[in-house]
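The primary structure of each chain is shown beneath.
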Amino acid sequence: MISERDSETTFEEDSQPNDEVMPYSDDETEDELDTQQPGAEPGQTHSDRDTQESRDTLRKDCSWQVKANDHHFYQQPQFKRTIFLCFKRSKYKGNAIKTYKYNPITFLPLNLFEQFKRAANFYFLVLLILQSIPQITTLSWYTTLVPLLLVLGITAVKDLVDDIARHRMDNEVNNRRCEVIRDGRFKSTKWKDIKVGDILRLKKNTFIPVSALDTWFLVLQSPKPIPLSFLLRETNLKFKMALEVTHRYLQEEGAMANFDGLVECEEPNNRLDKFAGTLFWRNTSYSLDADKILLRGCKLRNTDFCHGMVIFAGADTKIMKNSGKTRFKRTKIDSLMNYMVYTIFLVLILLSAGLAIGHTYWEQQVGNSSWYLYDAEDFSPPYRGFLNFWGYIIVLNTMVPISLYVSVEVIRFGQSYFINWDLQMYYPEKDTAAKARTTTLNEQLGQIHYVFSDKTGTLTQNIMTFKKCCINGQRYGASLQRHPEQVDFSWNMYADGKFSFYDHYLIEQIKAGKDPEIHKFFFLLAICHTVMVDISDGQLNYQAASPDEGALVTAARNFGYVFLSRTQNTITLSEMGTQRTYDVLAILDFNSERKRMSVIVRESGGNIRLYCKGADIVIYERLHPRNPKREATETALDVFASETLRTLCLCYRDITPEEFEAWNKKFLEASVATTNRDEALDKVYEEIEKNLILLGATAIEDKLQDGVPETISRLSKADIKIWVLTGDKKETAENIGFSCELLTDETTICYGEDTSALLQTRLENQRNRAGSSAHSSLGMNEPFFQDSRDRALIITGSWLNEILLEKKKKKKKKLKLKFPRIAEEEKKQREKSHRAEAYKEQQQKNFVDLACECKAVICCRVTPKQKAMVVELVKKYKKAITLAIGDGANDVNMIKTAHIGVGISGQEGMQAVMSSDYSFGQFRYLQRLLLVHGRWSYIRMCKFLRYFFYKNFAFTLVHIWYSFFSGFSAQTAYEDWFITLYNVLYSSLPVLLVGLLDQDVSDKLSLRFPRLYVLGQKDLLFNYKKFFLSLLHGAITSLIIFFIPYGAYLKTVGQDGEAPSDYQSFAVTAATSLIFVVNFQIGLDTSYWTFVNAFSVFGSIALYFGVTFDFHSAGIHVLFPSGFQFTGTAPNALRQPYLWLTMILSIAICLLPMVAQRFLAMTIWPSESDRIQRHRRQLVAEEQQWKRRPSAFQRGVSTRRSAYAFSHQRGYADLIASGRSIRKKRAPLDAVLGTSVPEPRAAPTL
């Protein structure tokens, strides 16, 4: 019996998800949830005993060892992994990227192997082998070889071009250069040669090597922030700080070359916000956390240079771990097409078997008694039937269209270029054109049911603008004029030329200087922040921790209160042209729980004053009871919120010196706390932030991209549901929902707690009905909402985990005695797990059903993994086609999970674009991508496939009817060369052009009538019903093509007394009739005629006659007597008027019923597109006069308020207070690397 510490899962029934908190990291372990490690201070050291304890605690995680400047270290046996048999390789990845598939040696075998994995290609390879057996084949080998080589060649060339592009891209990235220590000095090195443990030097405005590194920076030379726009999808700037010890001692090049520190840290993972490790150097250990790590894709900004050691490289980097699995995406039509090809295979086998049985019977009844049919082979009738089975497999092989796949690829390739060339999807401001990054998904763009969109940078511009304010109860910013004149800020030498404001009265009040509250208001905006300033070319450049904060400081700057510079303890402002410096006594930084920030300053007169700004809900709780402008400001907040502006309140209070001294002692004690430092500081902050005097409120606009409301409205009319998945706070996401018209005042909003209650009730009802299968099935289909009101669901990531049973469970340790489990206990455990899994699956299905009943769904505060999970659930339970659109790296997983991923080239870098299937510059282009290109592509592809199957059935089934008159002998009804060239030359071009160019209505009408899009969502244009109708149509056409010439040839004599009823003349007549019918049929199916379409139809017919007369000439027969045996057939047969009348009769009988059917359908049962086509001239005229509705969104006063949409993370208060953030005049880089004694440098920020 063994006593051990075991774990037990517990639930906290009364715990409620926190809407304000982002859920835990996606792959955070349960042990990490249970064990909260206190954060260590930068540069903090531990004794060996303490270090050993901490190492033991994280031993299982910190198994990744990196030693600086020692490549031999990684060749040790413990770092080797077996890759195949006895072959081993280091577990540390190289930094070279490889996206290509082939090299010159492997291209041909690998490409052929991949192509022959396709069932159709492999089938034709088998046919080619069978045709080499004389006893089986009745067709020449070239009838299969020529089309097969053409298909393989076109596909191989396409794959080769794609792979050459990948080679070039890889070479461009891998051969970029970076400075790395080699042989004791920094040398320029290619990115692909960078290894784990190398020491790098990065310079200002350079990126960490792409797809290369997560780098730990040891020495950082400047205080300026580095934006993580490529990784954390934010343009607001973050900072990083080096360890004090490495910052101090690793200044010189020689010191860095001799650095031999060992880092023990966690294995490569996808946790962007966490890092745990230890540096061992000079017999001392130093704690490492996420603040010491700079992730791949970051850009060094306003920092002259920095040095770092490579911890992870290549595929081990966090961004690569977060990118998700690359999924091979196939369209719904692809899957359906494959099933139809399998159906054709089955029909082919059954037909061949039936005809083989017919030949066996015919041999027994006729063949054995006909001496003139003796072929010197004494085969039994069953054996001859067996050989004929394979003969018919060869003869009827054109039922399986070998050129289908390559034709589909050509059409998709052309459609992709049409998207790339669409000037109406070109974004001139950033010189960004639409780009189809794949050629396999175009028609699926016409079948989308659900669009999952990111918010920031996708729906919005991610650019904050100061719009309005309320000062001392008076609102400013609204202009009464219809066309207001912009305020002239030319009087202000520091004014930002991009800033615009339209209320001249506020400027007059500021210049008058009579209202002290206005002075305090803008003074607060200029001094209460953690913005850092950089002066370049005489211009002030602000670097803010959030776009909101930058917008506020910029607004104060334009109104005459300019933030100029700061030191560790002072801040310098220009107040209406007068420069003043103030002592900053304390910065009370922002965090997501406080929702506010404050500064305490000593003014010129010695007065101490606290200035605070924050969310209204927290500011109003801390106001002094006597605030006369409280109600007026609250009214202004309601007005701003009704306009979907992001608001915050401004306030202040005076502090006596005695009160400040007493508080400052507590503040200093909390600042140096080694445990629970943040909690201690928040408690101290609460003591001073009270009895505040309200100054007013600001209103900031996160402006929507142009055309977002119109785009969402059109997509909604096309029955496409829009879900917004964002990491922003609930209030912010809700307000954006109103501004982009996803939500209206008539919309009933359900939140997480409402949804949880509804789902719990549904689950209990389902359990109660489980005993009765009939009632249970009825309960499953009941709607959640009985009335017809519009509803929207707004749910946070925490509630999402709670509802979907994805919440990580904390472990409670208790002492248990472990006994061996008996079989019954194991069975019970399995049943328990099965019930839990079934419960979870039912809950998830119920949630998807509930969400899909809502008009709109907004998921906020969700992680990248949760975004992908939501998309996966809709795919799983609704079987619907999904599209995900985003602009940042945390949208990559969602983009890869959806059937179609769209990336926006925006403020967030190129990670989303690189992982997407389609990309463009603005969200509004999505409507054109779906409603125009998507719908056209779907219609074209469906029309192409229906016609392709039809023409192949019409062509092939003639052989079957001919078999009844040829003893089922597997003889062909056509000439061999006609069989070879039918799909290649005679009938391919018209249908390809229809697949590329056809359109039922124009692009403008497609956008004007979004309901036309519903056809693709319902799969109305191509399904098994349409397939069998095409088969039936082809069978009827083949009957007409065969039996009318057959009847006309019976007992006939030509005009010159010669009998035209020989086999070769019949073959030419049937083939000519077929060419006319199939080409005229595609003409009937064409909705959009151009010169190219007309040329292709009549050109294909002319080409047929030209090739046929050439192949039937005596000259080519003399050169190749065995290959061309229809000598003179076409000239002799086609000069008979009788045969031309026969062909005309065949063509008329085939086509006239189709013409009548189309006429009746358009007259009696017209479709939506038919009605639009009928009135298209009138509609086009209206289109020219039709004006788009105004995009400005107005709605009535609402009780909802915009959230304080400040930075989700702490600002730069710690950095500023440390004194390491202030730019000092320093020596050039070469001097720094000299022998002078180094001084402590500033930390970089990220």
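Residues numbered from 1 in each chain as written. Predicted model: local features only at pLDDT ≥ 70, side-chain atom pairs only at ≥ 80, totals over all residues. Heavy atoms only, no water.

Chemist: Would you take a moment to explain the nonpolar core for this structure?
Modeler: Counting residues in hydrophobic clusters, the biggest one holds 103 residues, and the most contacted among them are Leu404, Phe944, Leu945, Phe949, Tyr974, Phe978 and Leu1074. The element best represented in this core is helix H28 (residues 925-963), accounting for 17 residues. Inspection of this core shows a minimum of three residues originating in each of domain 1 (326-368 + 378-400) and domain 4 (928-1163). Counting 51 residues, the second largest nonpolar core, distinct from the first, contains Met464, Val487, Ala544 and Val599. (Core = buried A, V, L, I, M, F, W, Y, C linked by side-chain atoms within 4.5 Å. Buried < 20%, exposed > 50% of the residue type's maximum accessible area, 1.4 Å probe, protein only. Helix = DSSP H or I, 4+ residues; strand = E, 2+ residues; numbered from the N terminus. Domains from an automatic or database assignment.)

Chemist: Help me out: how do you make sense of the pairing of strand S12 (residues 262-265) in this one?
Modeler: The two faces of a sheet get side chains in turn, since along a regular strand they alternate between them. Judged from the four bridges that link them, strand S3 (residues 64-67) and S12 form a sheet pairing that is antiparallel. By the bridge assignment for S12, Lys67 is matched with Leu262. Pairing of S12 with strand S13 (residues 277-281) involves four bridges; the strand directions are antiparallel. The partner of Cys265 across the bridge, within S13, is Gly277. (Pairing = 2+ DSSP bridges.)

Chemist: Which parts of the structure should I look at to understand the state of the cysteines?
Modeler: Each disulfide is one covalent bond, formed between the sulfur atoms of two cysteines. Considering all chains together, one arrives at zero disulfides under this definition. Summary of cysteine pairing: Cys469 is not part of a disulfide, and the nearest cysteine sulfur, belonging to Cys470, is at 7.7 Å. (Disulfide = S-S within 2.5 Å.)

Chemist: Even after reading the chapter, I still don't get a nonpolar patch on the surface, so can you show me in this structure?
Modeler: A cluster of nonpolar side chains, contributed by Phe964, Phe965, Leu1039 and Phe1043, occupies part of the molecular surface with about 370 Å² of accessible area. Structurally, Leu1039 is set in helix H33 (residues 1024-1049). Its relative accessible area of 34% is what places Leu1039 among the partly exposed residues. (Patch = residues over 30% accessible without salt bridge, like charges linked within 9 Å, V, L, I, M, F, W, Y side chains within 5 Å. Areas by Shrake-Rupley, 256 points an atom, 1.4 Å probe, with all protein chains shown as cover. Salt bridge = Lys/Arg side-chain N within 4 Å of Asp/Glu carboxyl O.)

Chemist: It is not clear to me how the pattern of salt bridges should be interpreted in this structure. Could you clarify?
Modeler: When charged atoms on two side chains of opposite charge get close, those side chains can pair. Applying the stated criterion to the full structure yields 34 salt bridges. A salt bridge links Arg928 to Asp422; the nearest nitrogen and oxygen atoms lie 2.5 Å apart. Taken together, the residues Arg928 in helix H28 and Asp422 in the loop between helix H11 (402-420) and strand S17 (435-436) connect sequence positions 506 residues apart. With respect to burial, Arg928 and Asp422 carry one shared label: buried. Two residues, Glu689 and Arg594, come together in a salt bridge whose shortest N-O distance is 2.9 Å. Here Glu689 is found in the loop between helix H18 (677-688) and strand S29 (693-704), whereas its partner Arg594 is found in the loop between strand S25 (578-588) and strand S26 (596-602), with 95 residues between them in sequence. Like Arg594, Glu689 is buried. A single network of salt bridges, built from pairs that share partners, joins Arg594, Arg596, Glu621, Arg622, Glu686 and Glu689.

Chemist: I'm lost on the sheet that holds strand S35 (residues 882-886) in this one. Help?
Modeler: In spatial order, the strands read S17-S37-S36-S35-S18-S30-S34-S32-S31; together these nine strands make up an open sheet with mixed pairing. Because the sheet does not close on itself, it has two edges, and the strands there are S17 and strand S31 (748-750). Here S17 pairs with strand S37 (residues 918-920) via two bridges, running antiparallel. Each bridged residue has a counterpart across the sheet, and for Lys435 the counterpart in S37 is Ser919.

Chemist: Honestly, the packing of aromatic side chains in this entry has me stumped. Any pointers?
Modeler: On inspection of all chains with the given rule, the structure shows 70 aromatic pairs. Summarising the aromatic geometry, the rings of Tyr1063 and Phe1126 are spaced 6.2 Å apart at their centres and angled 70° between planes, so their arrangement reads as edge-to-face. Placement of Tyr1063 in helix H34 (residues 1063-1085) and of Phe1126 in the loop between helix H36 (1114-1119) and helix H37 (1129-1133) is noted, with a sequence separation of 63 residues between them. Between Arg201 and the ring centre of Phe186, over which it is positioned, the NZ or CZ distance is 4.2 Å. Its guanidinium or amino end placed over the ring of Tyr542, Arg557 lies 5.4 Å from that ring's centre, counting from NZ or CZ. (Phe/Tyr/Trp six-rings, centres within 6.5 Å; stacked < 30°, edge-to-face > 60°. Lys NZ or Arg CZ within 6 Å of the ring centre and 35° of its normal.)

Chemist: Help me understand empty space enclosed by the protein in this model?
Modeler: It is a probe the size of a water molecule, rolled over the atoms, that shows where empty space is left. With the rule as written, the count across this model stands at six cavities of 30 Å³ or more. Considered as a void within the structure, the largest cavity measures approximately 140 Å³ in volume. Along the walls of the largest cavity sit 15 residues, with Thr143, Pro147, Thr398, Ile402 and Asn983 positioned nearest its centre. Listed by contribution, the elements that provide at least two residues to the lining of the largest cavity are helix H5 (142-174), H11 and helix H29 (976-986). Among the elements that line the lining of the largest cavity, the one with the most residues is H29, at five residues. A per-class count over the lining of the largest cavity returns eight nonpolar, seven polar and no charged. Two domains share the lining of the largest cavity, each providing at least three of its residues, namely domain 1 (326-368 + 378-400) and domain 4 (928-1163). (1 Å grid on protein atoms, 1.4 Å probe; cavity = no way out; pocket = protein on both sides within 12 Å on 5 of 7 lines; lining within 4 Å. Points joined across faces, edges and corners; volume = space filled by probe spheres on them. Nonpolar A, V, L, I, M, F, W, Y, C, P; charged D, E, K, R; others polar.)

Chemist: How do you make sense of the environment of Ser140 when you look at a structure like this?
Modeler: Considering the arrangement of structural elements, one finds Ser140 in the loop between helix H4 (119-130) and H5. Relative accessible area serves as the criterion here: at 21%, Ser140 is assigned to the partly exposed category. Sequence-wise, Ser140 and Gly1123 are 983 residues apart; in three dimensions their C-alpha atoms are separated by 8.5 Å. When neighbours within four sequence positions are excluded, Ser140 is seen to be in contact with Gln131 and Asp976. (Contact = heavy atoms within 4.5 Å.)

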